[in-house]
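# Descriptive analysis of the structure
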Amino acid sequence: MRVEVDRSQCQGHNRCYVLAREVFDVDDEGYAFVRPGCNLDDSNVQELVRNAARNCPERAIVVDDE
Ligand code: F3S
C-alpha cells in the first residue's frame, strides 16, 4: 500500500490524525502529512488508512492499494 495526502485538497479537518495517528501527522498549520517510516505493510494499519481516507471530507487522502 502507498498513501499520500494531496496537499492541494487538504483543508485541515484532522480526521485522519484522529483516526490513524500511526500514519498521519499534522504540520504547524494543521495540514496533514504521512509520517515517514510508518508501517503500511501491517493489515491493521492499512485498515486505519482506508477508514481515514473514507472519512476525509475533502477526499485528500490518496490510497494506492497495489
Ligand atoms: Fe486534511 Fe482530510 Fe486529514 S482535510 S487533515 S487529509 S481529514
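Criteria and cut-off values
- Residues numbered from 1 in each chain as written.
- Predicted model: local features only at pLDDT ≥ 70, side-chain atom pairs only at ≥ 80, totals over all residues.
- Heavy atoms only, no water.
- Near = heavy atom within 4 Å.
- 1 Å grid on protein atoms, 1.4 Å probe; cavity = no way out; pocket = protein on both sides within 12 Å on 5 of 7 lines; lining within 4 Å.
- Sits in = over half its atoms within 2 Å of the grid points.
- Nonpolar A, V, L, I, M, F, W, Y, C, P; charged D, E, K, R; others polar.
- Helix = DSSP H or I, 4+ residues; strand = E, 2+ residues; numbered from the N terminus.
- Contact = heavy atoms within 4.5 Å.

### Brief notes about the site of the ligand
Every residue near the ligand is listed here: Cys-10, Gln-11, Gly-12, His-13, Asn-14, Arg-15, Cys-16, Ala-32, Cys-56, Glu-58, Ala-60 and Ile-61. In this structure, the ligand is accommodated by the largest cavity. Along the lines of polarity and charge, the residues of the shell around the ligand split into 6 nonpolar, 4 polar and 2 charged.

### Observations regarding the environment of Leu-19
Following the sequence through the fold, Leu-19 ends up in helix 1 (residues 15–19). Between the C-alpha atoms of Leu-19 and Asn-51, which are 32 residues apart in sequence, the distance is 7.5 Å. The residues contacting Leu-19, other than those within four sequence positions of it, are Leu-48, Asn-51, Ala-52 and Asn-55.

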